[in-house]
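Fold and geometry: a report
One-letter residues, chain by chain:
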Amino acid sequence: PAASILMPIPDKIRELRDQIFAVDATFRPMARGSLKALMQQDAARIRLTNNTKSKGLDGRAAKFLIAQGMNVTEYGASTGASSRTIVVVYSPKLYALRYLIAPLGMIAGSSQIVFKPDASQGVDLEIRLGNDWVSKLPPGY
């Protein structure tokens, strides 16, 4: 059976929160700034795993993401072979997730994004690099 995953819109959630819990008529501003700046404020801890036969892909991808301002805290151990890159979301760092969608070539709401809340993981997002990422890594990394 087909499944649907609904993705929350963070700015709409903040707007509703402010309408419900505002003490006076002034509302706090919505999150503003570039997606990169919002991602950096999110400070998501990221784990990379190399699920390809391309040696050192996880380390090269880590250098690329760190250069983008991401907080890669772990990389290495494979979780199995994969043709497609998958992002597992352990905690709600949605600006970091939105930022990753473009360079990873993902479609928001696709099966490549898995929500699996788990505070015991020690990271917020896990990127399981697949063979599709080998050609997407920019030269020099």
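The preceding data block contains the structure.
We now turn to the structure provided with this report. Per chain, residue numbering runs from 1 following the sequence as it is written. Only residues with pLDDT of 70 or above have their local features reported here, since the model is predicted, and side-chain atom pairs are shown and tallied only from 80 upward, although totals for entire chains, interfaces and linings are computed over all residues. Computation of side-chain values covers all heavy atoms of the structure but excludes hydrogens and water.

1. Let's talk about the pairing of strand 3 (residues 86–89)
When DSSP finds at least two bridges between two strands, those strands are taken to pair. Each helix is a run of H or I in the DSSP string that is no shorter than four residues. Each strand is a run of E no shorter than two, and both are numbered from the N terminus. Of the strand pairs in this sheet, strand 3 and strand 5 (residues 125–129) are connected by 4 bridges, and their pairing is antiparallel. Its bridge partner lying in strand 5, valine 89 is registered against leucine 125. Bridge analysis of strand 3 against strand 4 (residues 113–115) gives 3 bridges, and the strand direction is parallel. Looking across to strand 4, one finds that valine 87 is bridged to isoleucine 113.

2. Section: the packing of helix 2 (residues 35–42) against helix 4 (residues 94–101)
Interhelical geometry of helix 2 versus helix 4 gives an angle of 135° and a closest axis separation of 7 Å. Considering the angle they form, helix 2 stands oblique to helix 4. Every pair of crossing elements has a handedness; the one defined by helix 2 and helix 4 is left-handed. Each of Leu35, Lys36, Leu38, Met39 and Asp42 in helix 2 lies in contact with helix 4, whose residues at this interface are Leu94, Tyr95, Ala96, Arg98 and Tyr99. Axis definition: a line fitted to C-alpha atoms, over the contacting stretch in the case of helices. Angles run 0 to 180 degrees between N-to-C directions. What sets the label is the angle itself: under 35 degrees gives roughly parallel, over 145 gives roughly antiparallel, 65 to 115 gives roughly perpendicular, and the rest give oblique. Two helices cross in a left-handed way if the nearer one is turned anticlockwise from the farther one by less than a right angle. They cross in a right-handed way if the turn is clockwise. The contact criterion used throughout is that any non-hydrogen atoms of two residues lie within 4.5 Å.

3. Points about the packing of aromatic side chains
Stacked, edge-to-face and tilted labels apply to pairs of Phe, Tyr and Trp rings (six-membered ring for Trp) whose centres lie within 6.5 Å, assigned for plane angles under 30 degrees, over 60, and everything in between, in that order. Taken as a whole and assessed by the stated rule, the structure comprises 2 aromatic pairs. Aromatic side chains phenylalanine 64 and tyrosine 141 sit 5.3 Å apart centroid to centroid with 75° between the ring planes, which places their arrangement in the edge-to-face category. Of this pair, phenylalanine 64 sits in helix 3 (residues 57–67) while tyrosine 141 sits in the segment after helix 5 (131–134); the two residues are 77 residues apart in sequence, bridging distant segments of the chain. Accessibility expressed as a relative area gives 9% for phenylalanine 64, which makes it buried. The buried label goes to any residue with under 20% of its type's maximum accessible area, the exposed label to any with over 50%, and the partly exposed label to all in between, with areas taken from a 1.4 Å probe on protein chains only. Exposure remark for tyrosine 141: the relative accessible area of 32% places this residue in the partly exposed category.

4. Some thoughts on the pattern of salt bridges
Here the idea is simple: oppositely charged side chains can pair when their charged atoms come close. The salt bridge criterion pairs a side-chain nitrogen of Lys or Arg with a carboxyl oxygen of Asp or Glu, the two atoms within 4 Å. Overall, the coordinates contain 5 salt bridges when judged by the stated rule. Between glutamate 126 and arginine 47 there is a salt bridge whose closest N-O contact spans 2.6 Å. With glutamate 126 in strand 5 and arginine 47 in strand 1 (residues 45–50), this residue pair connects regions lying 79 residues apart in the sequence. According to the relative accessible area criterion, glutamate 126 is buried, its value standing at 3%. Through salt bridges with shared partners, a single network forms among Arg47, Glu74, Glu126 and Arg128.

5. Remarks on the sheet that holds strand 1
Spatial ordering of the open sheet is given by 2-1-5-3-4, a layout of 5 strands whose pairing is mixed. Each of the sheet's edge strands pairs with one partner strand only, and the pair in question is strand 2 (71–76) and strand 4. Adjacent strand axes in the sheet meet at a mean angle of 20° when their direction is disregarded.

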